[in-house]
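# Per-entry structural report
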Amino acid sequence: MKRKLLVVEDDASVRNLITTAIQMQDYENYVAVNGNQAIMLAMSKQPDIMLLDLGLPDMDGMEVIKKVRSWSRMPIIVITARSDDTDKISALDAGADDYLTKPFSVDELLARIRVTVRRLSYYETENAAEGAKFVDGGLVIDYVARCVTLNDEEIHLTPLEYKLLYLLAQNAGKVLTHTYITQKIWGTSFESDLISLRVFMASLRKKIEPDKESVKYIQTHIGVGYRLLTYPKE
Amino acid sequence: MKFLERYINYDKVVKKNTTQWGVTLGIMNLELFMGYVFRFIGMREIHIFIIYELGIIATAFLTGSYICSMSGVLGLFIFNYFFSEPKFSFHSDAMGYPLTGIILSIATMIIAKLVKTNQKHQEGKALVDARRQVLLETTQQLLMTKTKQDIVEVVADCMLRLSGGSVIIFLNEKEGLGELQIFLREGAQGLNFEIDDVEMRAIHNALHEEDIEWNNSNNRIDSKGIYIPIRTTDRCYGVIGFDLDNEVFLPKSVEIFLSSLALAFEREYYSEQRAEQIIQMKKQKLRSDLLRSISHDLRTPLTGISGNAALIAKKNNSLSIEQARELGKNIWKESMWLTSMVENLLSITKLDDAKANIKMNPESIDEILCFSIQKVKEFYQIQDITYESSGEIDIVLCNSQLIAQVMHNLLENAIKHNEPETKISVSVNSLNDRVVVQVADEGKGIPDNLKDEIFEMFCTLDSRLESGRGFGIGLSLCKTIIEAHGGEMKVRDAPPHGAVFEFELKKVRL
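Summarised in this report is the structure supplied together with it. The model shown is predicted, which means the values in this text are computed figures rather than measured ones. (Residues numbered from 1 in each chain as written. Chains lettered and ligands numbered in written order. Predicted model: local features only at pLDDT ≥ 70, side-chain atom pairs only at ≥ 80, totals over all residues. Heavy atoms only, no water.)

As a further point, take the packing of aromatic side chains. Tallied over the entire structure, the rule returns nine aromatic pairs over all chains. Relative to A:Phe200, the ring of A:Trp186 lies with its centre 6.1 Å away and its plane at 35°, an arrangement referred to as tilted. Highlighted residues: A:Trp186 in helix α7 (residues 178–186) and A:Phe200 in helix α8 (residues 191–208), separated in sequence by 14 residues. We classify A:Trp186 as partly exposed; its relative accessible area is 28%. Given the relative accessible area of 23%, A:Phe200 is considered partly exposed. Of the aromatic side chains, those joined through ring pairs into one cluster are B:Tyr237, B:Phe265, B:Tyr269 and B:Tyr270. We note A:Arg112 situated over the ring of A:Tyr99; from NZ or CZ to the ring centre the distance is 5.7 Å. Sitting over the face of the ring of A:Tyr231, A:Lys216 holds its NZ or CZ atom 5.5 Å from the ring centroid. (Phe/Tyr/Trp six-rings, centres within 6.5 Å; stacked < 30°, edge-to-face > 60°. Helix = DSSP H or I, 4+ residues; strand = E, 2+ residues; numbered from the N terminus. Buried < 20%, exposed > 50% of the residue type's maximum accessible area, 1.4 Å probe, protein only. Lys NZ or Arg CZ within 6 Å of the ring centre and 35° of its normal.)

Our focus in this paragraph is the sheet that holds strand β2 (residues 28–32) of chain A. Residue and element names in this part refer to chain A. The sheet built from five strands is open, its strands ordered β2-β1-β3-β4-β5 with parallel pairing. Of all strands in the sheet, those bounded by a partner on one side alone are β2 and β5 (98–101). Taken over all neighbouring pairs, the strand axes of this sheet differ in orientation by 20° on average, direction set aside. Pairing of strand β4 (residues 76–80) with β5, which is carried by four bridges, proceeds in the parallel orientation. From the neighbouring strand, Thr80 faces β5, where its bridge partner is Thr101. With respect to the sheet, helix α1 (residues 12–24) is in contact with β1 (4–8), β2, β3 (49–53) and β4, its orientation differing from that of β2 by roughly 165°. Sitting on the sheet, helix α3 (residues 61–69) is in contact with β3 and β4, with an inclination near 155° to β3. (Pairing = 2+ DSSP bridges. Axes fitted to C-alpha atoms, helices over the stretch in contact; angles between N-to-C directions. Contact = heavy atoms within 4.5 Å.)

Note the cis peptide between A:Lys102 and A:Pro103, where omega equals 0°. Within the secondary structure, A:Pro103 sits in the loop between β5 and α5 (106–126). With an omega dihedral of 0°, the bond running from B:Pro495 to B:Pro496 counts as a cis peptide bond. The residue B:Pro496 is located in the loop between β10 (489–493) and β11 (499–506) in this model. In the Ramachandran plot, A:Asp26 falls in the positive-phi region, its phi being about 70° despite a non-glycine side chain. Within the secondary structure layout, A:Asp26 lies in the loop between α1 and β2.

Our focus in this paragraph is the interface of chain B and chain A. Counting residues at the interface gives 25 residues for chain B and 23 residues for chain A. In total, about 2,100 Å² of surface goes out of reach between chain B and chain A, with carbon and sulfur atoms giving 58% of it. Measuring nitrogen to oxygen at the nearest pair gives 3.3 Å for the salt bridge that ties A:Arg205 to B:Glu367. Where chain B packs against chain A, one counts eight residue pairs in polar contact (both at pLDDT 80 or more). Contributing elements (two or more residues each) for the side of chain B that touches chain A: α10 (321–354), β5 (361–364), α11 (365–380), β6 (385–388) and α12 (400–416) of chain B. (Buried area = accessible area lost by both parts, 1.4 Å probe. Salt bridge = Lys/Arg side-chain N within 4 Å of Asp/Glu carboxyl O. Polar contact = N/O pair within 3.5 Å; in protein donor to acceptor, adjacent residues only side chain to side chain.)

It is worth spelling out the pairing of β10(B) at this point. Looking at chain direction, β10(B) and β11(B) are connected through five bridges and run antiparallel. Paired with B:Lys490 across the strands is B:Glu502, a residue of β11(B).

Next comes the structure, spelled out in structure tokens:
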């Protein structure tokens, strides 16, 4: 099945770059040049993924996210030219799944799309969120027994580490902001919570990431948050 | 200061009145006693009368004039009653006595009045002297003040002494009214009123007031405090407020003092402006250097990009696929170079905007280092970077993006300035209160004479670089970022050959 992508970008050359790149990868694409058109197409064509530039001529990209989120859970990858973290964070908190900062390379763009497509197929086949088990490559979380195995070896996690991994697994493939995570786990987002998050994340990683420099499961997004990468069943 | 206290403290004045009456009564009793003694030893009435005269003068010296006149009249009656014939009656036999008595009383009262005037004069002079002393001291101190806060403290001290009430000071900062500073008078628990909307309105009124009519300024708005602007003709530097007891008014000397205070602020203001101008000039110089350097160095990659792209886009070009791919690769390379330059420039503006206040969060140093290494590996498609972690979970307070930028620049330098496949290693050491991050390479190292200069802007190593490019802002930026984090950027030789760049970050206590 060909995945349908909706590209929302007002700049012609960047739009051209994106569409050319995704056509080469055998995705189907729709193009919108402003926010209203994007919302219309998102409704009528029901694309699988939306690539959304935040700086649109007719409305703020954030508005588009909020509108689309009111009726759809389609993955939204935000594209922003501003290097400030706050933009990405607020877009993610509004419901976007991932972000790309301009200038981005074609490889990076395609990698992000692949991650999202993988996540889509993952949910379609396993329906993991409601299932009793979360399977992500070699990582298996048994929700019922509350036990985690990595490559068939059981891993002992503290209750908080488990809670953290559980939260990531529930939102596998999506970039979660620091604030979102601390809110979900501690109910607050003070600086002390952020410190705790770093500590628990480091100890969790020690247990499930054998190779630090090339992470497999938990991806760091500097200044923004974390994401659990999804893999097909091994 | 004793006089000052009396001047301003109503309670004490009341108390003093009571004592004065006590003194007067005491003297009158003494007079009566002495009168009887004189009579006993057979002195004439006129001598007893003189005792009363003396008593009145003594009263005049010790108490206020109106008390003295009262005691004079009273003394006359008492004398008449006890000592003049017939005794124990207000009736007098001798015709001369009442008249003499009245004349003498008038004379006494005049003496008392003179004494009192003199006393008052003395007292007033002492008060003025004491105030002058305070003003003199303060003026002297004002000359030695270095900062606005110094001035505020000196002034508050002076005003506390002069006005006797608590003092409130608002400075007029660039961003509007500064923080409220309250200096309580001795023994006061707090202000007699809250600084509420009404007070704030009065303060703002004072701030924007053109003419100084300060003793009446509380008439316009029913505020509890008295607010006076501190101003010269062209600028208002703030507002000083007084929390005074109802009966007490501000001494006039405060008014005189305020102008010299405004002058002190003006001096401070101008020296601040001068300092700012110097900084601005330095910034301007740096900026123009940067611009010149950028505009020069931007042209080269842009020429590469536009030229290569034009070749590919040209109609009927006879490029083979291989050639076109080569041109595309060049474009990509050049744009990558532009990208990392833009990132550096953005970091510079970020530092510039925030000045010393960069937004810092607790971050895991491990996370940042791994992230940076992974990025660079992907970017340059190399594998020769090893990482050695401290083995501990180290949380540092930093701006993760800026530290990632430092790592990016250091790694990029290590790759660009050395032969391909030179080994690069990153390590982190966890010490008691800080972590030490090292980026080492096994390349040629940095000549000793350049080790100091290397962190300066626009210092580039040599022309080994492809087309002699690079403005040398990378390392200077690293240094600025690390210094903004309170650390130090160092470089030394790595035996047997190569360079080690090292910086420290403070740990967050867990």
